[in-house]
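The primary structure of each chain is shown beneath.
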Amino acid sequence: MTTTPKHDERIATMTFASVYPHYVTKVEKKGRTKAELHQVIRWLTGFDDVRLQELIIENVTFKTFFEQATLNPNAHLIKGVICGYRIEDIETPLTKEVRYLDKLVDELAKGRKMEKILRSTS
């Protein structure tokens, strides 16, 4: 299943700040913490808590968010289905990156161990 140009554009123009509270709610409702969410985001993007807060305040789009990120070299190990799309089949780089983040948040909320979520190879 591939994404449509309209779908990709919608994701690119969506702001990170509009989705972030949903990530927090999702993980906290399942007994995980905001600190764990930030750890997952930091692993994927390289953003520390200060930079993450700045991006939220700046109301950046996902396009800008991921343009400024330094994607983890093991991000390609994130596989599976999220939001009806198989991540490894998504061709648009930005859409794939956003779905990486969605998948990590989903795994955190489902109680997966942090070393598994962060794709530790040791």
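One can find the structure itself at the top, above this paragraph.
The structure displayed is predicted, hence computed values, not measured ones.

### Focus: the nonpolar core
At step 1: With 38 residues, the main nonpolar core has F16, L37, L44, F62, F65, F66 and L101 as its most contacted residues.
At step 2: Listing elements by their share of this core, those giving two or more residues are α1 (5–13), α2 (16–29), α3 (34–45), α4 (49–58), α5 (62–68), α6 (93–109) and α7 (114–117).

### Re the pattern of salt bridges
At step 1: Counted by the stated rule, this structure contains eleven salt bridges.
At step 2: The salt bridge partner of R32 is E36, with a shortest N-O separation of 3.1 Å.
At step 3: Judged by relative accessible area, which is 13%, R32 ranks as buried.
At step 4: Between D106 and K110 there is a salt bridge, with the nearest N and O atoms lying 3.2 Å from each other.

### What to know about the side chain of R119
At step 1: When you line up the elements, R119 lands in the segment after α7.
At step 2: Of the polar contacts made by the side chain of R119, one reaches the backbone oxygen of I117; its length is 2.8 Å.
At step 3: If sequence neighbours within four positions are ignored, R119 has contacts with W43, N74, L77, I78, K79, L104, E107 and R112.

### Some thoughts on the layout of surface pockets
At step 1: In this model, the largest pocket occupies a volume close to 170 Å³.
At step 2: Taken together, 14 residues make up the lining of the largest pocket; nearest its centre are V19, Y23, C83, R99 and D102.
At step 3: Put simply, the parts of the chain that give the lining of the largest pocket at least two residues each are α1, α2 and α6.
At step 4: Its residues assigned to classes, the lining of the largest pocket comprises nine nonpolar, no polar and five charged.

### Section: α3
At step 1: Over its twelve residues, α3 runs 16 Å from end to end, which matches the ideal 16 Å to within 8%, given 1.5 Å per residue.
At step 2: Within the span of α3, buried status applies to L37, H38, V40, I41, W43, L44 and T45.
At step 3: Once α3 finishes, G46 follows within two positions and takes phi at roughly 85°, a positive value.

### Focus on the packing of aromatic side chains
At step 1: Inspection of every chain in the model, using the stated rule, returns eight aromatic pairs.
At step 2: Centroid distance F16 to F65: 4.2 Å. Interplanar angle 10°. Geometry classified as stacked. Linking F16 in helix α2 with F65 in helix α5, this pair joins segments that are 49 residues apart in sequence.
At step 3: For F16, a relative accessible area of 0% puts it in the buried group.
At step 4: Pairing F62 with F65 gives two aromatic rings, centres 6.2 Å apart and planes at 80°, and the pair type is edge-to-face. Here F62 pairs with F65, and both are found in helix α5, just three residues apart, close to one helical turn. Judged on exposure class, the residue F62 and its partner F65 are both buried.
At step 5: An aromatic cluster is present here, built from F16, Y20, Y23, F47, F62, F65 and F66 joined pairwise through their rings.

Analysis parameters
Residues numbered from 1 in each chain as written. Predicted model: local features only at pLDDT ≥ 70, side-chain atom pairs only at ≥ 80, totals over all residues. Heavy atoms only, no water. Core = buried A, V, L, I, M, F, W, Y, C linked by side-chain atoms within 4.5 Å. Buried < 20%, exposed > 50% of the residue type's maximum accessible area, 1.4 Å probe, protein only. Helix = DSSP H or I, 4+ residues; strand = E, 2+ residues; numbered from the N terminus. Salt bridge = Lys/Arg side-chain N within 4 Å of Asp/Glu carboxyl O. Polar contact = N/O pair within 3.5 Å; in protein donor to acceptor, adjacent residues only side chain to side chain. Contact = heavy atoms within 4.5 Å. 1 Å grid on protein atoms, 1.4 Å probe; cavity = no way out; pocket = protein on both sides within 12 Å on 5 of 7 lines; lining within 4 Å. Points joined across faces, edges and corners; volume = space filled by probe spheres on them. Nonpolar A, V, L, I, M, F, W, Y, C, P; charged D, E, K, R; others polar. Expected span 1.5 Å × (residues − 1). Phe/Tyr/Trp six-rings, centres within 6.5 Å; stacked < 30°, edge-to-face > 60°.

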